[in-house]
Amino acid sequence: MTLSIAGVAARPKSVPPKQARKLKLPLRWISPIALVLLWQLASSTGVLSPDKLASPVTIAESAGELIADGQLGDAFAVSITRVFFGFLLGGLVGVVLGLASGLSRWGETLLDPPVQMLRTLPHLGLIPLFILWFGIGEEPKLALVASGVAFPLYLNLHAGIRQTDPGLVEAAKVLGYSRFERIVHVVLPSAVPQTLVGLRIAFGTAWLSLIVAEQINADAGLGFLINNAREFLRTDVVVVGLVVYALLGLTTDALVRLLERRVLRWQKR
Amino acid sequence: MAKAVSVRGLTKAFGPRTVLDGIDLEVEPGEFVALLGRSGCGKSTLLRILAGLDREVQGRAEVPGTVSIAFQQPRLLPWRKVWKNIALGLHRPDGRAVALKALEEVRLTDHADAWPLTLSGGEAQRVSLARALVREPDVLLLDEPFGALDALTRLAMHHLVEDLWIRHKPAVLLVTHDVDEALLLADRILVLDEGRIVATHHVDLPRPRRRASVVEQRTRVLADLGVDVEEAA
């Protein structure tokens, strides 16, 4: 009896009442909106010159124009294609190597040492080599994105597989699972949460790699849009490009979260 | 008739430490045997060897028939539904039907489609028992399956295990450090100490046994474990 009373009493403390939550969200918008207003004020009064940073209103107008004349759409398509194929390539390498070294002792002995050594290299620092190897076309950009994706996926998949509870594997052995069933039903599912962490990190580095790669030399894509705008002191277009990068990163992050919620339904929440 | 379990001169050492020291043990088909001892006496090691999880041993340990096991922790796959946990590894096309029938025996049919992490400790342990029994084992190994449960749930589980044993009649090897549990359930109690079987007790009391009926024998078993029970206490 005492227990249930305590349980009821504790509730309002841990879960905020609905009204408070409703109020809280709009309240959090006060300072960001104030900052944008301040920024607009500084631009309108001439304190902030458009050569340094365009005003919010100008940026919004430019975004509208860039969308209307198709420039932004084209750049967007080019950049997202680069990330897509770079991610595909790096993901394939990371997953294949991660599975090989996670599931087989020989795989681990042979693969893990070189991968662990290579991952200490800052992959963005590889640009000079990639340019020498692949030139300045699409290839170095894909290679940079791929190398940013492969390592976090490999590391987390490998760690996830190695963290499998040996107790579950033992139980499965006695209960008559085949080796294949042990991998499919015990080892791989237990590696999923850690692999999803790797996937989120991989998306983060993929966008970062793309942004850096598109600074090198690009004749299309969001990086080209931004670099081109810089030459004409169009800070409004630069900011539009940056905002699109940010939105893309947020989108892939949200997608992985969605995937997590779906795949990890079995976890206690 | 062939023995369900036959162990001769079984010795197991981890480095310099001898955990099992020349164990001889035979279990009849359908017999309920309890392995009783303090933690570290080697009882769980013996069970692991019989389950085929540890093959680096000296001596002989033979289990001719099929073996199944339930551990102290239920060890269910949290990412597979309850019924799937039971059906996996059975390799039967009617896996779900078989699993549902097994769940009925432990009175958990309602939870067939639940995720294991939503079950209570007692419920998860019942699923683990159903999973072990659905394999119709000749030998059922129970490694302190009630150890992590609260006292009330444990009592209910004792009855359940006895019921299931009477219905399916596998040979059972129950590892425990609970004297009452051993006396309530087992035909024969083996007391293990430092890797040797130091005493054997036959329990001929009628079933179902009540606590009061085992009190007299309890004192003798406890004496073998080196526990002196004063009448005053």
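By the naming in an unreviewed UniProt entry, chain B is Aliphatic sulfonate ABC transporter ATP-binding protein, taken from Lentzea cavernae.

*Asks:* Outline the overall build of chain B, listing residues and values.
*Replies:* The helix and strand inventory of chain B stands at 7 helices and 9 strands. Here the C-alpha atoms of chain B give a radius of gyration of 18 Å, agreeing with the 17 Å that 2.2 N^0.38 yields for 233 residues. Its C-alpha atoms give chain B principal-axis dimensions of about 50 × 45 × 35 Å. Expressed as a percentage of the 233 residues in chain B, the buried residues total 54%. Here the contacts in chain B between residues at least 6 apart in sequence split such that 69% fall between residues at least 24 apart.

*Asks:* Which residues make up the pairing of strand β5 (residues 67-70) of chain B, and what values go with them?
*Replies:* Residues and elements named next belong to chain B. The alternating pattern of β5 places Val-67 and Ile-69 on one face and Ser-68 and Ala-70 on the opposite face, and all of these are buried. Pairing geometry for β5 and strand β6 (residues 139-143), over 4 bridges, is parallel. Residue Ala-70 lies in a different strand from β6, and its bridge partner there is Leu-142.

*Asks:* Break down the nonpolar core for me, with residues and values.
*Replies:* Within the largest apolar cluster, 71 residues are counted, with the highest numbers of intra-cluster contacts made by B:Val5, B:Leu46, B:Leu50, B:Leu141 and B:Leu173. Per element, the largest residue contribution to this core is 8 residues, and it comes from helix α10 (residues 179-216) of chain A. For B:Leu173, the residues in contact, after removing those within four places along its chain, are B:Val5, B:Val27, B:Val33, B:Leu35, B:Leu47, B:Leu50, B:Leu140, B:Leu141 and B:Leu142. Residues B:Phe32, B:Ala70, B:Leu108 and B:Ala124 belong to the second largest nonpolar core, which totals 51 residues.

*Asks:* Describe in detail the interface of chain B and chain A, supporting the description with residues and values.
*Replies:* Opposite the 21 residues of chain B that make contact, chain A presents 19 residues. Surface buried jointly by chain B and chain A totals about 2,000 Å² across both partners, of which 65% is contributed by carbon and sulfur atoms. Applying the counting rule to chain B against chain A returns 2 salt bridges. Residue B:Arg48 pairs with A:Glu170 through a salt bridge whose shortest N-O separation is 2.6 Å. There are 8 residue pairs in polar contact (both at pLDDT 80 or more) connecting chain B and chain A.

*Asks:* Account for a nonpolar patch on the surface, with residues named and values stated.
*Replies:* Residue and element names in this part refer to chain A. Taken together, the side chains of Leu-25, Trp-29, Ile-33 and Leu-37 define a hydrophobic patch exposed on the protein surface, amounting to about 480 Å² of accessible area. When you line up the elements, Leu-25 lands in helix α2 (residues 18-28). Classification of Leu-25 as exposed rests on a relative accessible area of 57%.

*Asks:* Any details on the packing of aromatic side chains? Residues and values, ideally.
*Replies:* Here the structure, examined in full by the defined rule, presents 7 aromatic pairs over all chains. Arranged with centres 5.8 Å apart and planes meeting at 50°, the rings of A:Phe130 and A:Trp133 form a pair that is tilted. Within this pair, A:Phe130 and its partner A:Trp133 are both found in helix α7 (residues 127-134), separated by 3 residues, close to a single helical turn. The exposure class of A:Trp133 is exposed, given its relative accessible area of 56%. The exposure class assigned to A:Phe130 is buried, which follows from its relative accessible area of 9%. Members of the aromatic cluster, connected to one another through ring pairs, are A:Phe130, A:Trp133 and A:Phe134. Seen from the ring of B:Phe71, B:Arg75 lies directly overhead, with NZ or CZ sitting 3.7 Å from the centre. Here B:Lys81 stacks its cationic end above the ring of B:Trp115, 4.9 Å away from the centre of that ring.

*Asks:* Now, about the confidence of the model for chain A: what can you tell me, with residues and values included?
*Replies:* All names here are of chain A. On average, chain A scores 88 in pLDDT, and the residues at 70 or more come to 91%. When pLDDT is averaged over each element of chain A, helix α8 (residues 138-162) comes out on top at 95 and helix α1 (residues 2-14) at the bottom at 38. With pLDDT under 50 throughout, residues 1-15 is counted as low confidence; its partners more than four residues away or in other chains account for 1 contact.

*Asks:* Outline the sheet that holds strand β8 (residues 188-193) of chain B, supporting the account with residue identities and numerical values.
*Replies:* Residue and element names in this part refer to chain B. Within the open sheet, the 6 strands sit side by side as β5-β6-β7-β3-β8-β9. Their pairing is mixed. The open sheet has two edge strands with one neighbour each: β5 and β9 (196-202). Across the sheet, the axes of successive neighbouring strands diverge by a mean angle of 20°, strand direction being ignored. Alignment of strand β3 (residues 32-36) against β8, held across 4 bridges, turns out to be parallel. Looking at β8, one finds that Leu-35 is bridged to Leu-190. Helix-sheet contacts for helix α1 (residues 43-50) involve β3, β5, β6, β7 (171-176) and β8, and the interaxial angle to β7 is about 145°.

*Asks:* Talk me through the packing of helix α4 (residues 121-133) of chain B against helix α5 (residues 151-168) of chain B; I want residue IDs and the actual numbers.
*Replies:* Residue and element names in this part refer to chain B. Orientation of α4 relative to α5, taken along the N-to-C sense of each, is 15°, at an axis distance of 11 Å. Relative to α5, the element α4 lies roughly parallel. Between α4 and α5 lies a crossing whose hand is right-handed. Along the contact surface, α4 presents Gly-122, Gln-125, Arg-126, Leu-129 and Leu-133, while α5 presents Thr-153, Met-157, Leu-160, Val-161, Leu-164 and His-168. Of the residues in the contact of α4 with α5, the class split is 6 nonpolar, 4 polar and 1 charged.

*Asks:* Tell me about the side chain of B:His201, and name the residues and values.
*Replies:* Residue and element names in this part refer to chain B. Tracing the backbone through its elements, the reader meets His-201 in strand β9. Among the polar contacts listed, one links the side chain of His-201 to the side chain of Asp-224, at a separation of 2.5 Å. Filtering out sequence-adjacent residues up to four positions away, His-201 remains in contact with Asp-187, Arg-188, Ile-189, Val-191, Gln-217, Arg-220, Val-221 and Asp-224.

Rules of the game
Residues numbered from 1 in each chain as written. Chains lettered and ligands numbered in written order. Predicted model: local features only at pLDDT ≥ 70, side-chain atom pairs only at ≥ 80, totals over all residues. Heavy atoms only, no water. Helix = DSSP H or I, 4+ residues; strand = E, 2+ residues; numbered from the N terminus. Rg over C-alpha atoms; globule rule 2.2 N^0.38 Å. Buried < 20%, exposed > 50% of the residue type's maximum accessible area, 1.4 Å probe, protein only. Contact = heavy atoms within 4.5 Å. Pairing = 2+ DSSP bridges. Core = buried A, V, L, I, M, F, W, Y, C linked by side-chain atoms within 4.5 Å. Buried area = accessible area lost by both parts, 1.4 Å probe. Salt bridge = Lys/Arg side-chain N within 4 Å of Asp/Glu carboxyl O. Polar contact = N/O pair within 3.5 Å; in protein donor to acceptor, adjacent residues only side chain to side chain. Patch = residues over 30% accessible without salt bridge, like charges linked within 9 Å, V, L, I, M, F, W, Y side chains within 5 Å. Areas by Shrake-Rupley, 256 points an atom, 1.4 Å probe, with all protein chains shown as cover. Phe/Tyr/Trp six-rings, centres within 6.5 Å; stacked < 30°, edge-to-face > 60°. Lys NZ or Arg CZ within 6 Å of the ring centre and 35° of its normal. pLDDT = per-residue confidence, 0-100. Axes fitted to C-alpha atoms, helices over the stretch in contact; angles between N-to-C directions. Parallel < 35°, antiparallel > 145°, perpendicular 65-115°, else oblique. Left-handed = near helix turned anticlockwise from the far one by under 90°. Nonpolar A, V, L, I, M, F, W, Y, C, P; charged D, E, K, R; others polar.

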